[in-house]
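Geometric and topological summary
Here is how the chains run, residue by residue.
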There are 2 protein chains.
Amino acid sequence: MAEKAVICEAIKAQGEVVRKLKAEKASKDQIDEEVAKLLQLKAQLGEDDGKHQFVLKTAKGTRDYNPKQMAIRERVFNIIIGCFKRHGAETIDTPVFELKETLTGKYGEDSKLIYDLKDQGGELLSLRYDLTVPFARYLAMNKITNIKRYHIAKVYRRDNPAMTRGRYREFYQCDFDIAGQYDPMIPDAECLKIIHEILSELNLGDFRIKVNDRRILDGMFAVCGVPDEKFRTICSTVDKLDKMSWEDVKNEMMNEKGLSEEAADQIGEYVSKQGGMDLAEHLLQDPKMSQNKQACAGLTDIKQLFSYLQLFNVVDKVVFDLSLARGLDYYTGIIYEAVLPQADVPPAPVSMEAQNGPAGAAEERVSVGSVAGGGRYDGLVGMFDPKGRKVPCVGVSIGIERIFSIMEQKAEASAEKVRTTEVQVLVASAQKNLLEERLKLTNELWSSGIKAEVIYKKNPKLLSQLQYCEDSGIPLVAILGEQELKDGVVKLRTVATREEMDVSRTDLIKEIRRRTTEA
Amino acid sequence: MAEKAVICEAIKAQGEVVRKLKAEKASKDQIDEEVAKLLQLKAQLGEDDGKHQFVLKTAKGTRDYNPKQMAIRERVFNIIIGCFKRHGAETIDTPVFELKETLTGKYGEDSKLIYDLKDQGGELLSLRYDLTVPFARYLAMNKITNIKRYHIAKVYRRDNPAMTRGRYREFYQCDFDIAGQYDPMIPDAECLKIIHEILSELNLGDFRIKVNDRRILDGMFAVCGVPDEKFRTICSTVDKLDKMSWEDVKNEMMNEKGLSEEAADQIGEYVSKQGGMDLAEHLLQDPKMSQNKQACAGLTDIKQLFSYLQLFNVVDKVVFDLSLARGLDYYTGIIYEAVLPQADVPPAPVSMEAQNGPAGAAEERVSVGSVAGGGRYDGLVGMFDPKGRKVPCVGVSIGIERIFSIMEQKAEASAEKVRTTEVQVLVASAQKNLLEERLKLTNELWSSGIKAEVIYKKNPKLLSQLQYCEDSGIPLVAILGEQELKDGVVKLRTVATREEMDVSRTDLIKEIRRRTTEA
């Protein structure tokens, strides 16, 4: 078989790759990945080559959540959903894949990171890249002109994973968006308020919310002499300032994107500026910026935004930062991003005084990265509407995976034991042949809404039953024996104190409830 | 461009398909699908052909959930998760895609329904088909030998959708599984108990849980003269008895699967039998079945199972039904499936008296279909373990989409209005220029954990603010005016009764809480 020969060749070549990596002492991740490919090739030879060796791993850039991680995840979600509900949001859900076409042309340079499904006949499909484009498709499809909704779901990006830093190929997004024609900056301010509430309540330490406006960026590009058709691509390059030094960004602008050095230097001067409402006022007086209509509209809105943020008591954490660009194509107005500055990096100055030069700006950007972001996208729904009708939208996306990573590290570091179940009582026995009585009592507890477990053995040892409670944090044990059955009682034991007390069967439910809501 | 010419050809041909379907007055679904293909082809021609027309639809067999559907979904999930937690389950999560290889060879004939991802370099991936195989992979990968966990997530099948009946290509599964080496039938009985609890609590009307055992089926096939290598494929055919008549099933066995008529008829006789513990006892005396070791082991376990079900008080809904086969390859012991018989179909007999012949059995199967199912799969984890170590497992999967469909129909039919937010109070004003005061008060309410909204307009009309409350079910309005601000009060209005009352700012939070927890 010719095909088989091809696979055998590929196996040989891949074997060589693995050997080489091992010889080079490459990273475990890298070797594992190549080994996985090798095993997959071997698997393609079919089941006939003796014992089939499974590749026991999750897909690259993805992970399982174990019960402890899920317990932490549930806690984080509860805080976030609580905040969204406090602000009156409804929720919707959309499918994990969309028609490929729906996603086309929405993400600029990042489109190459979209996962496509195999063409197995029928429609061409892609996994969703974010929740915003499906939201816009949903609004247009259902002719909805105003809604405040949240959506929590997984999205997919074929990015280079950096899992220790919480960057995955499959990750949750928690989005809150307000669609509708409203007076300027009121919904926008609420989005920033929501970021502030969530990050505060999660207790992640200090944070900062950077704000900018696409119209200010575009105006800035115009006055710096960037040709119109290069706005989006230069914007993508500016967006890299949180990962790259100014020198590298400047090089990319000049060498890859063909910008003049003069224009690049002028951009460099602007993007080093940070401040608050006063910076917006200052720029409205700037001889060049003040000549650009777009920029002025953006700066006026920034001023308005800051006035609402004062009312919402969140202005202390917000910085107007001209280097903030955000990669996605669809933003049209205000954009923002929340970052957690690392402990050893001084917080960004909130005064109007710009840091002196791009080098300083680059330094501030040493951070664990963005934990929330968003902005205004007034044109996206119109791209889907057959008649191009626009629905103005503004929204925020919480970068939940990084937050999970931080919370997990915190849980690891703390002494507190994370419980993974909510079981209140284990039904146990010290004697043999009481399985049926244990099951009957457990059934009674379930019927009354008590969270209860029983060991699935005919005659488990009392010690192992107690050990099970210790291990999983179950606070109470209801112990049955011949004598207890005769007396119509249950021995109720508190695991922590080892105290035991006879409780009549009729009072048992009440007593368990009392003891477990007390705790 | 040659490629362009090919696409143009394809567009012409596809246009013809659409015209023909319209002429034939084909179903809207069918036409829509072909139109979508046509538009996708047109889109491939690129953006240069003038205005780009988007296909505004979700992928075939999938749907969005609107806020009302989400509210119902949340209610259903809360009941199910509440039950799983009451039984002491932890939860885990796994990625939406697995290495293709992980899914290969686990689903028998259904494997053709797996969605593959496009090969974009790197690993070959497929969307998960269920949550059971990823669970087994997770156990083997992490060397876990016992766990009780639930997992609620979406799974994917390229099946023929029947969306009005709640059958989708993307759908939720709610799985509860117990892994570990325990005494026979105790965890199995708990799984049935859980189905019983959930279906009762959801209040879906009458239901029935059919039980059988793969070993009984295999024993039955053996004594009916089915060759060993045909067990699995004949089993798949028997599984169709809930959708096809016995005659059709028999035909498939003989014509497609090459079984003799004699063997088929013998199977037909067995699969018409239904009963309880007494049927198991009866079959243990059956001259043919009693000779088969496998069958006897299965029948003995069924007897044991029914004794535990009696203790759990659920035996009234459970039927031992020899026609229950379940399609998936991985089951090794007890299998079960819960069905909602339609109102006009008589409930299945619980007595040992078998219905007379396969025709009767087929009739009973007119139902809205399975709403839960599961079974024992003791070999699956071993398929992943490098050393083949087995971890016995039993589990149940709740067919949540059909349940959603039923609940939605119920909500439609009832007068009760489904609220989609939990907002307690709207902060409103009758006068102009009070936006800032409204925002300030709203901020105070948020800070105290009150769910509050404010209209995003500078000067909204009072009437439209009150109308908003009526529409979205917000029970209270906090009205601000110049006078109220001067007096340090807020006019608190109950939307339902239109009663208004001045409340001092200091008492407002307490008063809102009192009124909304009362309700």
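Below or above, wherever it landed, is the structure these notes cover. (Residues numbered from 1 in each chain as written. Chains lettered and ligands numbered in written order. Predicted model: local features only at pLDDT ≥ 70, side-chain atom pairs only at ≥ 80, totals over all residues. Heavy atoms only, no water.)

Description of the overall build of chain A
Along the backbone of chain A there are 19 helices and 16 strands. Viewed in the frame of its principal axes, chain A has a C-alpha envelope of about 95 × 70 × 50 Å. Counting only residues that meet the buried cut, chain A has 56% of its 519 residues in that class. Counted over contacts in chain A with a minimum sequence separation of 6, partners at least 24 positions apart contribute 70%. With the model as given, the accessible surface of chain A reaches about 22,000 Å², and the carbon-plus-sulfur share is 51%. Of the side chains in chain A, 75 bear a positive and 81 a negative charge, and the two mean positions are spaced by 5 Å. (Helix = DSSP H or I, 4+ residues; strand = E, 2+ residues; numbered from the N terminus. Buried < 20%, exposed > 50% of the residue type's maximum accessible area, 1.4 Å probe, protein only. Contact = heavy atoms within 4.5 Å. Areas by Shrake-Rupley, 256 points an atom, 1.4 Å probe, with all protein chains shown as cover. Lys, Arg positive; Asp, Glu negative; His and termini not counted. Charge placed at Lys NZ, Arg CZ, Asp CG, Glu CD.)

Points about helix H9 (residues 246–256) of chain B
Structurally, the α-helix is built with 3.6 residues per turn, so residues lying three or four positions apart point the same way. Residue and element names in this part refer to chain B. Among all positions of H9, only Trp-246, Val-249, Lys-250, Glu-252 and Met-253 are buried. The buried residues of H9 all sit within an arc of 160 degrees when viewed along its axis, so they share a single face. In this structure, H9 carries Asn-255 and Glu-256 as exposed residues pointing more than 90 degrees from its buried face. Downstream of H9 by a residue or two, Gly-258 has a phi angle that is positive, lying close to 70 degrees. (Arc of directions from axis to C-beta.)

Section: the environment of Arg493(B)
Residues and elements named next belong to chain B. Checked against the element boundaries, Arg-493 lands in strand E15 (residues 489–494). A residue is classified by how much of its surface remains accessible, and Arg-493, at 15% relative accessible area, is buried. Remark: the alpha-carbon pair of Arg-493 and Gly-473, spanning 20 residues in sequence, is separated by 13 Å. In this structure Arg-493 touches Leu-466, Pro-475, Leu-476, Val-477, Ile-479, Arg-498, Glu-499 and Glu-500, once residues within four positions along its chain are discounted. At a separation of 3.0 Å, a polar atom in the side chain of Arg-493 contacts the side chain of Glu-500. (Polar contact = N/O pair within 3.5 Å; in protein donor to acceptor, adjacent residues only side chain to side chain.)

Brief notes about the side chain of Arg515(A)
Residues and elements named next belong to chain A. Along the chain, Arg-515 turns up in helix H19 (residues 505–518). On the basis of relative accessibility, which here comes to 17%, the residue Arg-515 falls in the buried class. Here the side chain of Arg-515 touches Thr-494 through a polar contact of 3.0 Å, side chain to side chain. A distance of 2.8 Å separates a polar atom in the side chain of Arg-515 from a polar atom in the side chain of Glu-511. With sequence-adjacent residues up to four places away left out, Arg-515 is seen in contact with Leu-476, Leu-492, Thr-494 and Met-501.

Considerations on the pairing of strand E5 (residues 170–179) of chain B
Residue and element names in this part refer to chain B. When you tally the buried positions in E5, you get 10 out of 10 residues, the bulk of the element. Burial of the side chains of E5 extends over both faces: Glu-170, Tyr-172, Cys-174, Phe-176 and Ile-178 are buried on one face and Phe-171, Gln-173, Asp-175, Asp-177 and Ala-179 on the other. By the bridge criterion, six bridges tie E5 to strand E11 (residues 393–398) in an arrangement that is antiparallel. Residue pairing for E11: Ile-178 is matched across the bridge by Val-394. (Pairing = 2+ DSSP bridges.)

Thoughts on the environment of Arg158(A)
Counting through the fold element by element, Arg158(A) comes out in the loop between strand E4 (147–156) and strand E5 (170–179). Taking relative accessible area as the criterion, Arg158(A) reaches 19% and is therefore assigned buried. The spatial distance from the C-alpha of Arg158(A) to the C-alpha of Thr102(A) is 18 Å, given a sequence separation of 56 residues. Not counting chain neighbours up to four residues away, the residues in contact with Arg158(A) comprise Lys112(A), Leu113(A), Ile114(A), Tyr115(A), Arg169(A), Gln120(B) and Gly121(B). Polar side-chain contacts of Arg158(A) include one of 2.6 Å to the backbone oxygen of Gln120(B).

What about the packing of helix H7 (residues 214–223) of chain A against helix H10 (residues 261–270) of chain A?
Residues and elements named next belong to chain A. Close contact between H7 and H10 brings their axes to 9 Å; oriented N to C, the two are set at 140 degrees. When the interaxial angle is binned, H7 and H10 end up oblique. Considering only the axes of H7 and H10, their crossing is right-handed. When H7 is examined against H10, the residues Met-220, Phe-221 and Val-223 are found in contact with a partner set consisting of Gln-266, Ile-267 and Tyr-270. When its residues are assigned to classes, the contact of H7 with H10 shows five nonpolar, one polar and no charged. (Axes fitted to C-alpha atoms, helices over the stretch in contact; angles between N-to-C directions. Parallel < 35°, antiparallel > 145°, perpendicular 65-115°, else oblique. Left-handed = near helix turned anticlockwise from the far one by under 90°. Nonpolar A, V, L, I, M, F, W, Y, C, P; charged D, E, K, R; others polar.)

Some details on the interface of chain B and chain A
Listed per partner, the contact involves 101 residues of chain B and 100 residues of chain A. In total, chain B and chain A occlude about 9,400 Å² of area from one another, counting both sides; carbon and sulfur atoms represent 57% of this. Taken together, the connections running from chain B to chain A amount to 16 salt bridges. One salt bridge connects Lys118(A) with Asp116(B), and the closest N-O pair in it is separated by 3.7 Å. At the surface where chain B touches chain A, the tally comes to 50 residue pairs in polar contact (both at pLDDT 80 or more). A class-by-class count of the residues in the side of chain B that touches chain A yields 45 nonpolar, 23 polar and 33 charged. (Buried area = accessible area lost by both parts, 1.4 Å probe. Salt bridge = Lys/Arg side-chain N within 4 Å of Asp/Glu carboxyl O.)

A look at the relation of the copies chain B and chain A
Taken as rigid bodies, chain B and chain A are interconverted by a rotation of 180 degrees and an axial shift of 0.0 Å, the fit giving an RMSD of 0.1 Å. In symmetry terms, the pair is related by a two-fold rotation axis. A share of 99% of the interface residues of chain B reappears at the interface of chain A, consistent with the copies meeting face to face through the same patch. (Least-squares fit on C-alpha atoms with pLDDT ≥ 70 in both.)

Side note on the sheet that holds strand E16 (residues 500–504) of chain A
Residues and elements named next belong to chain A. Read from one edge of the open sheet, five strands run E13-E12-E14-E15-E16, paired in mixed fashion. Two strands in the sheet have a free side with no partner beyond their single neighbour: strand E13 (452–454) and E16. Each strand of the sheet is rotated relative to its neighbour by a mean of 30 degrees, with strand direction disregarded. Of the strand pairs in this sheet, strand E14 (residues 476–480) and strand E15 (residues 489–494) are connected by four bridges, and their pairing is antiparallel. Within E15, the residue paired with Leu-476 across the bridge is Thr-494. This element, helix H16 (residues 435–447), spans strand E12 (425–429), E13, E14 and E15 of the sheet and lies at about 160 degrees to E12.

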